[in-house]
Amino acid sequence: MAVQALDASRLPIDWQRLALPAVLIAVAYGLIPAYASSYLIEAILLPFLALSLAAVGLNLLTGYCGQLSLGSSAFMAVGAFAAYNFNLRVEGLPLAATMILAGISAAGIGVVFGLPSLRLRGFYLAVSTLAAQFFVQWALTKFGWFSNDNPSGVISAPHLAVAGLSLDGATGRYLLSVTTVIVLTALVWRLVNSAIGRNFIAVRDNETAARVISVPVLRTKLLAFAISSFIIGVAGVLWAFTYLRTVEPAGFNLDRSFQILFIIIIGGLASTRGAFLGAAFIVVLPLCLSRLGAFLFGGLFDSGVLDISQRIVLGALIIIFLIAEPNGLSALLDRRLKRRIGSRAS
């Protein structure tokens, strides 16, 4: 009887946990395709989804496994250019297979550049991952084969279609992006709550203690690099094919890697939800600052001054926020929810 009563008391909590994802999915597949403007989809939602997925991948490596990386943009570039070449050179290859093969290509490069993690930690590992950033950008620029011998090195997005249904429009590209993000995020959530995820956390917290409890530390690190790079590679495909529609190697520079790192720091390390909160902060806030600056000072300063001022204000807001809440937006949201629940209970 006591067990039945306990199970019954847990049911409402489970329904509460399912309610928010159900609402978000209904909005993502119902309201946004029906009512969102092309500007909202192409200027805000598409970059938000691509950067959110890249942040989910990096958070798996850095937040859960404790391996700091500054090569995220390189793995995005590998995914984008690999997808372009698979689509170009393998006739009739389905879009889903193209994205999976691109992710596998990025995972292979990630494992290669993750090998220093077997000996290096922390800041030294972060510096070593810069090799991936510089090497990939050099290779894509040096060898014209990757861009089909285009003199400018620019690749253009191919025709996007699934089961004969064209996805080249703004709504189609959005549906492709949001479906990819939901599927991969759900798989990551299952992963971090499995034995593999517990191994990641054990390695992050204390490698020596992880070895004592028989966690294969070296294999766990390389697995984290592989899975993280796979996800970031797929995010690169979304960034190039659904958002930019054309891209060159310089588009995946070091600034993009820092942007993804800032997203997981602002959103909250070791939090899948934090990746989306941080991406919303990074994508939406600059647009708001740009509109506000143009409205208030557009007649006094030129666009260059406004752009620099926007960057200064954004940087200052990030510093202030991290001082006020070092654990990120996810921790801030959890704290506010606990206060609300506590106030209702009292």
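Colleague: Just checking my understanding: could you explain the overall build of the protein chain for this structure?
Modeller: Of regular secondary structure, the protein chain possesses 13 helices and four strands. Each of the 346 residues in the protein chain was classed as buried or not, and the buried ones make up 42%.

Colleague: Explain the environment of Leu-322 here, please?
Modeller: Mapped onto the elements of the fold, Leu-322 is located in helix α12 (residues 303-324). Residue class for Leu-322 comes out partly exposed when judged on its relative accessible area of 27%. On a C-alpha basis, the gap between Leu-322 and Ile-265 in space is 8.4 Å, while along the polypeptide they are 57 residues apart. Not counting residues up to four positions away in its chain, the partners in contact with Leu-322 are Ile-265 and Ile-266.

Colleague: Looking at this structure, I do not really get the nonpolar core. What am I missing?
Modeller: One recurring pattern in soluble globular proteins is that nonpolar side chains are buried together. Membership of the largest hydrophobic core comes to 88 residues, with the highest contact counts inside it found for Leu-53, Leu-60, Tyr-174, Phe-241 and Phe-252. Among the elements that line this core, the one with the most residues is helix α2 (residues 38-64), at 15 residues. In this view, Leu-53 contacts Thr-180, Val-181, Leu-184, Ile-231, Val-234, Ala-235 and Leu-238; residues no more than four positions away in its chain are not counted.

Colleague: Sorry if this is basic, but what is going on with unusual backbone geometry here?
Modeller: With the exception of glycine, most residues fall at negative phi, and the peptide bonds are largely trans. The residue Ala-163 is not glycine, and still its phi comes out positive at about 55°. The exposure class of Ala-163 is exposed, given its relative accessible area of 84%. In the Ramachandran plot, Ser-214 falls in the positive-phi region, its phi being about 70° despite a non-glycine side chain.

Colleague: Got a minute to help me understand the packing of helix α3 (residues 72-89) against helix α10 (residues 254-267) in this structure?
Modeller: The relative placement of two packed helices is expressed as an angle between their axes plus a distance between the axes. At a minimum axis distance of 7 Å, the contact between α3 and α10 shows a crossing angle of 115°. With respect to α10, the element α3 is oriented roughly perpendicular. Here Ser-72, Ser-73, Ala-74 and Met-76 of α3 come into contact with α10, specifically with Arg-256, Ser-257 and Ile-260. For the contact of α3 with α10, a count of residues per class yields three nonpolar, three polar and one charged.

Rules and cut-offs
Residues numbered from 1 in each chain as written. Predicted model: local features only at pLDDT ≥ 70, side-chain atom pairs only at ≥ 80, totals over all residues. Heavy atoms only, no water. Helix = DSSP H or I, 4+ residues; strand = E, 2+ residues; numbered from the N terminus. Buried < 20%, exposed > 50% of the residue type's maximum accessible area, 1.4 Å probe, protein only. Contact = heavy atoms within 4.5 Å. Core = buried A, V, L, I, M, F, W, Y, C linked by side-chain atoms within 4.5 Å. Axes fitted to C-alpha atoms, helices over the stretch in contact; angles between N-to-C directions. Parallel < 35°, antiparallel > 145°, perpendicular 65-115°, else oblique. Nonpolar A, V, L, I, M, F, W, Y, C, P; charged D, E, K, R; others polar.

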